[in-house]
Amino acid sequence: MTVEGREPEPPLRDDRVDGRDETPNERADRNWDELMQELRVMQTGTQILTGFLLAVAFQPRFTDMDELQRDLYVVLVALAAIATILALAPVGLHRALFGRRRKPDLVRVAARIVKIDLVVIAALTVGVTTLIVDFTVNRTAGIVALIAAVVVIAALWLALPRAVRRSLRRDVPPQ
């Protein structure tokens, strides 16, 4: 009983039919934890690529790069910085909104930032692969590497999830 003599209202239950029985806040907490795990994975890959890029400039053969390769290198350094900033943005946003009961909003905005960061990391990965192959083999091989990397990313990040969703829809029995 409360001080006013009434029973406290039960927490709002989620109305989604997804097999979970969680409040909107519990769902937001779970989704936030999943986003943070994704960011940890993304951040590790970005840190490795950034470290590689920063080390390249201090190698003796850096001066052997042609103008296109140097331009690509500068773009890749910028993409690495943007990817790092995007990966840190949800954490900064969390700090700014901490304790204000805005977790569902935070999760929604952070999920968008993570999607944008994935695109930047894809471009960074394709670019680094292209630069390495272009520099070590030749321009034609670099272009082939670029096309192959774009195809692989499109297959794994776009086509595969669509195929899985279609497969899951077929497996769901009619209600």
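Reading guide: rules and limits
Residues numbered from 1 in each chain as written. Predicted model: local features only at pLDDT ≥ 70, side-chain atom pairs only at ≥ 80, totals over all residues. Heavy atoms only, no water. Axes fitted to C-alpha atoms, helices over the stretch in contact; angles between N-to-C directions. Helix = DSSP H or I, 4+ residues; strand = E, 2+ residues; numbered from the N terminus. Parallel < 35°, antiparallel > 145°, perpendicular 65-115°, else oblique. Left-handed = near helix turned anticlockwise from the far one by under 90°. Nonpolar A, V, L, I, M, F, W, Y, C, P; charged D, E, K, R; others polar. Buried < 20%, exposed > 50% of the residue type's maximum accessible area, 1.4 Å probe, protein only. Contact = heavy atoms within 4.5 Å. Patch = residues over 30% accessible without salt bridge, like charges linked within 9 Å, V, L, I, M, F, W, Y side chains within 5 Å. Areas by Shrake-Rupley, 256 points an atom, 1.4 Å probe, with all protein chains shown as cover. Salt bridge = Lys/Arg side-chain N within 4 Å of Asp/Glu carboxyl O. Lys, Arg positive; Asp, Glu negative; His and termini not counted. Charge placed at Lys NZ, Arg CZ, Asp CG, Glu CD. Core = buried A, V, L, I, M, F, W, Y, C linked by side-chain atoms within 4.5 Å.

Visitor: Just checking my understanding: could you explain the packing of helix α1 (residues 24-56) against helix α3 (residues 103-136) for this structure?
Guide: The packing of two helices is summarised by the inter-axis angle and the distance between the axes. Running from N to C, α1 and α3 point in directions that differ by 20°, and their axes come no closer than 10 Å. Classified by the angle their axes make, α1 and α3 are roughly parallel. Judged by the twist between their axes, the crossing of α1 over α3 is left-handed. Classifying every residue of the contact of α1 with α3 by side-chain character gives 19 nonpolar, 4 polar and 4 charged.

Visitor: I would appreciate a short explanation of the side chain of Thr50 in the present structure.
Guide: You can see Thr50 is positioned in helix α1. The buried category is assigned to Thr50, whose relative accessible area is 18%.

Visitor: I tried to follow the side chain of Gln69 on my own but got confused; where do I start?
Guide: By secondary structure assignment, the location of Gln69 is in helix α2 (residues 67-97). Ignoring anything within four residues of it in the chain, the contact list for Gln69 reads Asp64, Leu131, Asp134, Phe135 and Arg139.

Visitor: Looking at this model, I keep getting lost on a positive patch on the surface. Mind explaining?
Guide: A grouping of Arg162, Arg165, Arg166, Arg169 and Arg170 is seen on the molecular surface, where their side chains present a positively charged patch. Tracing the backbone through its elements, the reader meets Arg162 in helix α4 (residues 139-171).

Visitor: Please clarify how the nonpolar core should be interpreted in this entry.
Guide: The nonpolar side chains of a soluble globular protein tend to be buried with one another. Membership of the largest hydrophobic core comes to 28 residues, with the highest contact counts inside it found for Trp32, Leu39, Leu53, Tyr73, Leu76, Leu124 and Val128. Among the elements of the structure, α1, α2 and α3 are those that each provide at least two residues to this core.

Visitor: Got a minute to help me understand the pattern of salt bridges in this structure?
Guide: Where side chains of opposite charge bring their charged atoms close, a pairing between them can arise. Counting across every chain of the model gives 8 salt bridges. Close ionic contact of Arg27 with Glu22 constitutes a salt bridge, the shortest N to O distance being 3.2 Å. Overall, the relative accessible area of 7% leaves Arg27 in the buried class. A relative accessible area of 9% places Glu22 in the buried class. Where Arg108 meets Asp105, a salt bridge forms, and the shortest distance between an N and an O atom there is 2.3 Å. Of this pair, Arg108 and Asp105 are both found in helix α3, 3 residues apart, which corresponds to roughly one turn of the helix. Taking relative accessible area as the criterion, Arg108 reaches 43% and is therefore assigned partly exposed. When its relative accessible area of 26% is taken as the criterion, Asp105 is described as partly exposed. Members of the salt-bridge network, linked through shared partners, are Glu22, Arg27, Arg30 and Glu34.

These figures capture arrangement, not role.
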